[in-house]
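These are the residues of each chain, in order.
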Amino acid sequence: MQNSSNPEIEFRNALGSFATGVTIATTMGGDGQPVGVTASSFNSVSLDPPLVLWSLAKSSLSREAFCNSGHFAIHVLAASQEALSNLFARSGEDKFAAVDWSVGELGSPIFSHHAALFECRTRHQYEGGDHIILVGEVVSFDARDEAPLLFHGGRYVERRPRPVGEAGQSIDIEHGQFSDDFLFYLLSRAHFHTSRPTREKLAENGLSMEEYMALAMLAMEAPLSGEAIAERLPHTGHKDGNLLASMESKGLICAGSDGYDLADSGRKLFVEMLAFGKALEADLADHFTEGEIAETKRVLRRIIELTGEG
Ligand SMILES: Cc1cc2nc3c(=O)[nH]c(=O)nc-3n(C[C@H](O)[C@H](O)[C@H](O)COP(=O)(O)O)c2cc1C
């Protein structure tokens, strides 16, 4: 052991050199209230039977609940869940108010968002100095393809962008194939899939994507001159061609002295399409937590900012 003026701190620091993931262990209190703590002491024990362990400080306010409930759930946190880790590392707060959770098959609170989940029946409890070691038999588990939150040296580990050379691994250059780890491929597939129902609906209404984009522009900001529309349309990935004249002849837009505006039938069609799109979005959002949707929007806005031309 190293000499130090404070051996306890030295010991802590030495332990901190072991990098771990971060979990939140949850259980149900005797009063029916959910209980949870952030814990990095989680580890695997046995494959057959499937056992895991973690250790809980005896000073924890959650001690009684974990020692008496007979079950617990371990949530391996995703890289985006640092704030949640901090929330559950505070003693005695109302930790569950801001979390989307439900009751699992053994009675433990289960978060909808996690990188992995292990629902456990408590099999053994051991004295371990100022901690209690809880060993659980895993009755069910779930793992998702999400980057984990990492902890090392007393702080969360910042994820570094992959070196350029490594990014090539997500594309099979030799055979010219994308792998589904390639971000651009995922973005374009997500766009293709999410826009397909809208494209079909537009076709049913006899509208092209260019016409829809022009209607959207005028719905946001009208009147607009022909030049202003022609200038903005390429930013959406479309060409104007003979667009405005043909839209006017279909009665979708009308030309005034200040520029183009939506005609009644164009406005009605646009509102219908908007409602259709919003309903699709709501259906998709049902599969994600509010936090995931907010994070996805943040990342997409940043991608648009970084790759657009203003
Ligand atoms: C990254 C991290 C890892 C932690 N690991 C553990 C752990 O393994 N066991 C433990 O008892 N506390 C651990 N803690 C501290 C508890 O989360 C913290 O003491 C919490 O406030 C206990 O909540 P309670 O008093 O409401 O039960 C950890 C905290 C952090 C930030």
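One structure accompanies this document, and this report is about it. (Residues numbered from 1 in each chain as written. Predicted model: local features only at pLDDT ≥ 70, side-chain atom pairs only at ≥ 80, totals over all residues. Heavy atoms only, no water.)

### Regarding the pairing of strand S9 (residues 116-128)
Two faces belong to every sheet, and in a regular strand the side chains alternate between them.
Moving on, step 1. Alignment of strand S6 (residues 71-76) against S9, held across six bridges, turns out to be antiparallel. Paired with Ile74 across the bridge in S9 is Phe118.
Moving on, step 2. Note that S9 and strand S10 (residues 131-143) share 12 bridges and pair antiparallel. By the bridge assignment, Arg121 is partnered in S10 with Glu137.
Moving on, step 3. Hairpin connection from S9 to S10: two residues lie between these consecutive antiparallel strands, with Gly129 at a positive phi of about 65°. (Pairing = 2+ DSSP bridges. Helix = DSSP H or I, 4+ residues; strand = E, 2+ residues; numbered from the N terminus.)

### Brief notes about the packing of helix H6 (residues 209-220) against helix H9 (residues 264-285)
Any two packed helices are characterised by the angle at which their axes cross and by the distance between the axes.
Moving on, step 1. Put simply, H6 and H9 touch, their axes get as near as 10 Å, and they point 100° apart. Relative to H9, the element H6 lies roughly perpendicular. Residue-level contacts link Tyr212, Leu215, Ala216 and Ala219 of H6 to Gly266, Phe270, Met273 and Leu274 of H9.
Moving on, step 2. Per-class residue counts for the contact of H6 with H9 are seven nonpolar, one polar and no charged. (Axes fitted to C-alpha atoms, helices over the stretch in contact; angles between N-to-C directions. Parallel < 35°, antiparallel > 145°, perpendicular 65-115°, else oblique. Contact = heavy atoms within 4.5 Å. Nonpolar A, V, L, I, M, F, W, Y, C, P; charged D, E, K, R; others polar.)

### Quick notes on the nonpolar core
Moving on, step 1. The biggest cluster of nonpolar side chains holds 23 residues, and the ones touching the most others in it are Leu215, Leu218, Ile229, Met247, Leu252 and Ile253.
Moving on, step 2. At the level of secondary structure, the elements contributing two or more residues to this core comprise H6, helix H7 (226-232), helix H8 (243-249), strand S16 (260-262) and H9.
Moving on, step 3. Not counting the four nearest positions on each side in its chain, Leu252 is found in contact with Leu207, Leu215, Met247, Leu262, Ala263, Ser265, Gly266 and Leu269.
Moving on, step 4. Formed by 20 residues, the second largest nonpolar core is a distinct cluster that contains Phe72, Ala78, Cys120 and Val138. (Core = buried A, V, L, I, M, F, W, Y, C linked by side-chain atoms within 4.5 Å. Buried < 20%, exposed > 50% of the residue type's maximum accessible area, 1.4 Å probe, protein only.)

### Side note on the layout of surface pockets
Moving on, step 1. Estimates place the volume of the second largest pocket at around 1600 Å³.
Moving on, step 2. Lining the second largest pocket are 49 residues, with Thr38, Ala39, Ser40, Ala57 and His131 positioned closest to its centre.
Moving on, step 3. Contributing elements (two or more residues each) for the lining of the second largest pocket: helix H1 (7-16), strand S3 (34-39), strand S5 (51-57), helix H2 (63-69), helix H3 (82-88) and strand S11 (150-152). (1 Å grid on protein atoms, 1.4 Å probe; cavity = no way out; pocket = protein on both sides within 12 Å on 5 of 7 lines; lining within 4 Å. Points joined across faces, edges and corners; volume = space filled by probe spheres on them.)

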